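Here is what each chain is made of, one letter per residue.
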Amino acid sequence: MLLNPTNTKDMLIYFRKLSNEPDPLFINDSCVERVSKFKLLGVWHQDNLCWNYHIEQIIKKAHKR
């Protein structure tokens, strides 16, 4: 199995205070994008493990209907 770096996301979940951020991930000399939130199987995940952004998106979707 080969990983596609353009479709791969990196999320750092860390509850302690960071003294320095870890180095970025590289796949085949391509940097993997680091994100703070992403959608996986219809659910928005955040790096602080809160549901705020997911609830906002559900409410926004309901208001459109």
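Above this note sits the structure.
None of the values given here were measured: they were computed from a predicted structure. (Residues numbered from 1 in each chain as written. Predicted model: local features only at pLDDT ≥ 70, side-chain atom pairs only at ≥ 80, totals over all residues. Heavy atoms only, no water.)

Draft legend 1. Seen up close, the packing of aromatic side chains. Within this structure, the stated rule accounts for one aromatic pair. Consider the rings of W44 and Y53, whose centres lie 5.0 Å apart with planes at 85 degrees: the pair is edge-to-face. (Phe/Tyr/Trp six-rings, centres within 6.5 Å; stacked < 30°, edge-to-face > 60°.)

Draft legend 2. Main features of a nonpolar patch on the surface. Residues I13, F15 and L49 make up a contiguous nonpolar surface patch of roughly 340 Å² in combined accessible area. Locating L49 in the fold gives a position in the loop between strand 6 (43–46) and helix 1 (52–64). (Patch = residues over 30% accessible without salt bridge, like charges linked within 9 Å, V, L, I, M, F, W, Y side chains within 5 Å. Areas by Shrake-Rupley, 256 points an atom, 1.4 Å probe, with all protein chains shown as cover. Salt bridge = Lys/Arg side-chain N within 4 Å of Asp/Glu carboxyl O. Helix = DSSP H or I, 4+ residues; strand = E, 2+ residues; numbered from the N terminus.)

Draft legend 3. Just the pattern of salt bridges, in detail. Following the criterion strictly, the structure yields two salt bridges and no others. E33 is paired through a salt bridge with K9; the nearest N and O atoms lie 2.8 Å apart. Taken together, the residues span a long stretch of sequence, with E33 in strand 4 (residues 33–34) and K9 in strand 1 (residues 9–10) at a distance of 24 residues.

Draft legend 4. View of the side chain of D10. Relative to the assigned elements, D10 resides in strand 1. By relative accessible area, which is 12% here, D10 ends up buried. Beyond its immediate chain neighbours, meaning those up to four positions away, D10 contacts L25, V32, E33, R34 and V35. (Buried < 20%, exposed > 50% of the residue type's maximum accessible area, 1.4 Å probe, protein only. Contact = heavy atoms within 4.5 Å.)

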